[in-house]
Amino acid sequence: MVSVLGLLAMALRSGLKLRGARLRRDALPRDARRRHLRFAKPAVVLACLGFLLGPLSAFLLRGWTPFSTLHGVLGTLAALLLIATGLRGRALERAGSGEASARLRERHARLALLAAGASALAAFAGFVLLP
């Protein structure tokens, strides 16, 4: 999951660069959108896969009750926020430019920041569970 967090961080960084360029009304860096998608899509898929495998590991390998820890609760929140961010991002891919696209972009950005924060908190809360 550490590598997934790294991918998420790279996706967030590239997304923030896109956002900064748009807010400054600068020309977008060449291939910036493609770079963002190259990191973001696999990061969301892998994070969700990790979310699904975590409770299985807790139950089958450790004999714990899934979602009974702070890590499980924060992981659930992070997964939901990542899915919502990904869905907004997909809608952005399909939308043209305009006011609706600007609203989608703003929601996508806010959800991404919340997802990044929840992911970091879930990772921190998971350290106490390491063997």
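In this report, the structure presented in the accompanying data block is examined. The structure displayed is predicted, hence computed values, not measured ones. (Residues numbered from 1 in each chain as written. Predicted model: local features only at pLDDT ≥ 70, side-chain atom pairs only at ≥ 80, totals over all residues. Heavy atoms only, no water.)

1. Section: the packing of helix α1 (residues 2-23) against helix α2 (residues 32-61)
The geometry of α1 relative to α2 is characterised by a closest axis approach of 8 Å and an angle of 150 degrees between their N-to-C directions. Remark: the crossing between α1 and α2 carries left-handed chirality. Every residue of α2 that contacts α1 at Val4, Leu7, Leu8, Met10, Ala11, Ser14, Gly15 and Leu18 is listed here: Ala32, Arg33, Arg35, His36, Phe39, Ala40, Ala43, Val44, Leu46 and Ala47. Residue classes in the contact of α1 with α2 are distributed as 13 nonpolar, 3 polar and 2 charged. (Axes fitted to C-alpha atoms, helices over the stretch in contact; angles between N-to-C directions. Helix = DSSP H or I, 4+ residues; strand = E, 2+ residues; numbered from the N terminus. Left-handed = near helix turned anticlockwise from the far one by under 90°. Contact = heavy atoms within 4.5 Å. Nonpolar A, V, L, I, M, F, W, Y, C, P; charged D, E, K, R; others polar.)

2. Things to note about a positive patch on the surface
Taken together, the side chains of Arg13, Lys17, Arg35 and Arg38 define a basic patch exposed on the protein surface. Counting only elements with at least two residues in the positive patch, the list comes to α1 and α2. The topology assignment puts Lys17 in helix α1. (Patch = residues over 30% accessible without salt bridge, like charges linked within 9 Å, V, L, I, M, F, W, Y side chains within 5 Å. Areas by Shrake-Rupley, 256 points an atom, 1.4 Å probe, with all protein chains shown as cover. Salt bridge = Lys/Arg side-chain N within 4 Å of Asp/Glu carboxyl O. Lys, Arg positive; Asp, Glu negative; His and termini not counted. Charge placed at Lys NZ, Arg CZ, Asp CG, Glu CD.)

3. Details of the pattern of salt bridges
On inspection of all chains with the given rule, the structure shows 5 salt bridges. In this structure, Asp26 and Arg24 form a salt bridge, with 2.9 Å as the shortest nitrogen-oxygen distance. A relative accessible area of 54% means that Arg24 is categorised as exposed. For Glu106, the salt bridge identified is with Arg110, shortest N-O distance 2.8 Å. With Glu106 and Arg110 both in helix α4 (residues 99-126), this residue pair falls 4 residues apart, about one helical turn. Note on Glu106: relative accessible area 27%, which makes it partly exposed. Via salt bridges that share partners, Arg19, Glu106 and Arg110 belong to a single interconnected network. (Buried < 20%, exposed > 50% of the residue type's maximum accessible area, 1.4 Å probe, protein only.)

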